[in-house]
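Letter by letter, the chains look like this.
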Amino acid sequence: MTTDFKSIPIIDVGPLVAKGDDLKMGQDPDVREVVKQLDQACRETGFFYVKGHGVPESLINEVKDVTHKFFNLPYDEKLKIKMTPSRGYRGYQKIKENITKGVPDLQEAIDYYREVKRRMYGSLGEILEGCNQWPQDPTNFKASMEEYVRLCTDLSRKIMRGIALALGGSADEFEGEKGGDPFWVMRLIGYPGKSPTNGQDNDIGCGIHTDYGLLTLINQDDDITALEVKNLSGEWIPATPIPGTFVCNIGDMLKIWSNGLYEATLHRVINNSPKYRVCVAYFYEPNFDTLVEPLEMCVEKSRGTRLKERAVYGQHLVNKVKSNFVM
């Protein structure tokens, strides 16, 4: 359960990354210290920064750079990869086409998903079937993003191993039938700057929400604070950018698996800077067709009290996708 936190903790996950492929990593004292910090962060804030993650800072900056360059293209160029239902809900959305709880968001975006082949998940995954749409310009866009997804997937798997240990399970608790074939989502988001003629705060770039899956890695511009996280008292705590780090947060599926020991924390985005802001959000998810329900070890830690929530991850995602856009 989240608390009245006033700041977001920073965790050096270097020892976890170094030992991340060893299922006996929990025997290492440095790894155990990281696991302890992850447990505290997931219980108290649901958000944390990670450093020592091993993803090159040059690549972190490159994906933001090519995202800026794409959003700076003429509108007609951006529409060449326009998102439509027939394209599996993959591609570009113009400003205010994305909605949160029925309210248009002041953002434009490109959505990418793990590619879903025909009948891969039966009728469950039918609306997401298709290939991702990659722009021709910038020329290094696709290669940069594909390498970035590969590294974020590996990093997320290792962080989830640490979280599995924090909950009292084996390092591979969230693999196999739960997440051994993980789905992923990547959303590249551009938030217009505040107009100098507007004396009020900017419109909401992204409305109050929780994330859908397991773990999110947020790569945001270093010089603009816009992401805010809600604590137990209702205060909005800024997730001020720290160069070279990811902001991580847990999602709805981890809340369910942890039986509410870990909370998916509400957050929003308001860009009150005059500068255009980009964010590259990578979402690490369970297996698309897995049933998510409270783990018995987490029910025992809750003295037998069991959350009533359960979900097939893919259905949860599809329901969100169907209601997220004005088209």
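This text follows the structure it describes.
Residues numbered from 1 in each chain as written. Predicted model: local features only at pLDDT ≥ 70, side-chain atom pairs only at ≥ 80, totals over all residues. Heavy atoms only, no water.

With respect to the overall build of the protein chain
Looking only at helices and strands, one finds eight helices and 16 strands in the protein chain. Its C-alpha radius of gyration of 19 Å places the protein chain within 12% of the 20 Å reference for a compact globule of 327 residues. Taking all 327 residues of the protein chain together, 56% fall into the buried category. In the protein chain, 77% of the contacts between residues at least 6 apart in sequence involve partners at least 24 apart. As presented, the protein chain carries roughly 14,300 Å² of accessible surface, and 49% of it is formed by carbon and sulfur atoms. Looking at charge distribution, the protein chain has the averaged site of its 41 positive side-chain charges lying 3 Å from that of its 46 negative ones. (Helix = DSSP H or I, 4+ residues; strand = E, 2+ residues; numbered from the N terminus. Rg over C-alpha atoms; globule rule 2.2 N^0.38 Å. Buried < 20%, exposed > 50% of the residue type's maximum accessible area, 1.4 Å probe, protein only. Contact = heavy atoms within 4.5 Å. Areas by Shrake-Rupley, 256 points an atom, 1.4 Å probe, with all protein chains shown as cover. Lys, Arg positive; Asp, Glu negative; His and termini not counted. Charge placed at Lys NZ, Arg CZ, Asp CG, Glu CD.)

A few points about the sheet that holds strand β13 (residues 267–269)
Across the sheet, which stays open at both edges, the four strands sit in the order β8-β13-β10-β11 with antiparallel pairing between neighbours. Among the strands making up the open sheet, the edge pair consists of β8 (206–209) and β11 (236–238). Going across the sheet, the axis of each strand differs from the next one's by a mean of 25°, ignoring polarity. Pairing of β8 with β13, which is carried by two bridges, proceeds in the antiparallel orientation. Directly across from H209, in β13, lies its bridge partner H267. (Pairing = 2+ DSSP bridges. Axes fitted to C-alpha atoms, helices over the stretch in contact; angles between N-to-C directions.)

Considerations on the pattern of salt bridges
Applying the stated criterion across every chain, the model contains 22 salt bridges. R114 is paired through a salt bridge with D181; the nearest N and O atoms lie 2.8 Å apart. Here D181 lies in the loop between α5 (141–166) and β7 (184–191) and R114 lies in the loop between β6 (108–113) and α5, a separation of 67 residues in the sequence. Looking at D181, the relative accessible area reads 37%, which means it is partly exposed. The partner of D154 in a salt bridge is K158, and the shortest N-O contact between them spans 3.2 Å. Linking D154 with K158, this pair stays in helix α5, spanning four residues, or about one helical turn. Residue D154 is classed as partly exposed on the basis of its relative accessible area, which comes to 30%. Beyond isolated ion pairs, a larger network of salt bridges with shared partners links D21, D154, R157 and K158. (Salt bridge = Lys/Arg side-chain N within 4 Å of Asp/Glu carboxyl O.)

Comments concerning empty space enclosed by the protein
This model, assessed by the stated rule, comprises one cavity of 30 Å³ or more. Each pocket or cavity is described by its volume, and for the largest cavity that value is around 90 Å³. In terms of lining, the largest cavity is formed by 16 residues, of which the most central are Q220, D222, I242, G244 and T245. Elements supplying a minimum of two residues to the lining of the largest cavity: α3 (57–71), β9 (215–220) and β12 (246–250). Considering each element in turn, the lining of the largest cavity owes the most residues, four residues, to α3. (1 Å grid on protein atoms, 1.4 Å probe; cavity = no way out; pocket = protein on both sides within 12 Å on 5 of 7 lines; lining within 4 Å. Points joined across faces, edges and corners; volume = space filled by probe spheres on them.)

A closer look at the packing of aromatic side chains
All chains considered together, the criterion is met by 14 aromatic pairs. Relative to W134, the ring of Y112 lies with its centre 4.3 Å away and its plane at 15°, an arrangement referred to as stacked. Here W134 lies in the loop between β6 and α5 and Y112 lies in strand β6, a separation of 22 residues in the sequence. For Y112, a relative accessible area of 0% puts it in the buried group. We classify W134 as buried; its relative accessible area is 16%. Through a chain of ring-to-ring contacts, the aromatic side chains of F70, F71, Y92, Y112, W134, F141 and Y276 assemble into a single cluster. Here R268 stacks its cationic end above the ring of W236, 4.1 Å away from the centre of that ring. (Phe/Tyr/Trp six-rings, centres within 6.5 Å; stacked < 30°, edge-to-face > 60°. Lys NZ or Arg CZ within 6 Å of the ring centre and 35° of its normal.)

Things to note about the layout of surface pockets
Looking at the largest pocket, its volume works out to about 670 Å³. Those elements that provide at least two residues to the lining of the largest pocket are β4 (99–100), β6, β7, β8, β9, β13, β14 (277–284) and α8 (313–323).

Brief notes about the sheet that holds strand β2 (residues 47–51)
The eight strands lie next to each other as β1-β2-β12-β9-β14-β7-β6-β3, forming an open sheet whose pairing is mixed. Sheet topology places β1 (10–12) and β3 (91–93) at the edges, where each strand pairs with a single neighbour. Neighbour-to-neighbour, the strand axes of the sheet open up by a mean angle of 25°, direction not taken into account.

Some points on the packing of helix α2 (residues 29–44) against α5
Following both chains from N to C, one finds α2 and α5 inclined at 80°, their axes separated by 8 Å at the closest point. Compared by their axis directions, α2 and α5 come out roughly perpendicular. Contacts from V35, L38, D39 and C42 in α2 reach I159, G162, I163, L165 and A166 in α5. Split into classes, the residues belonging to the contact of α2 with α5 amount to seven nonpolar, one polar and one charged. (Parallel < 35°, antiparallel > 145°, perpendicular 65-115°, else oblique. Nonpolar A, V, L, I, M, F, W, Y, C, P; charged D, E, K, R; others polar.)

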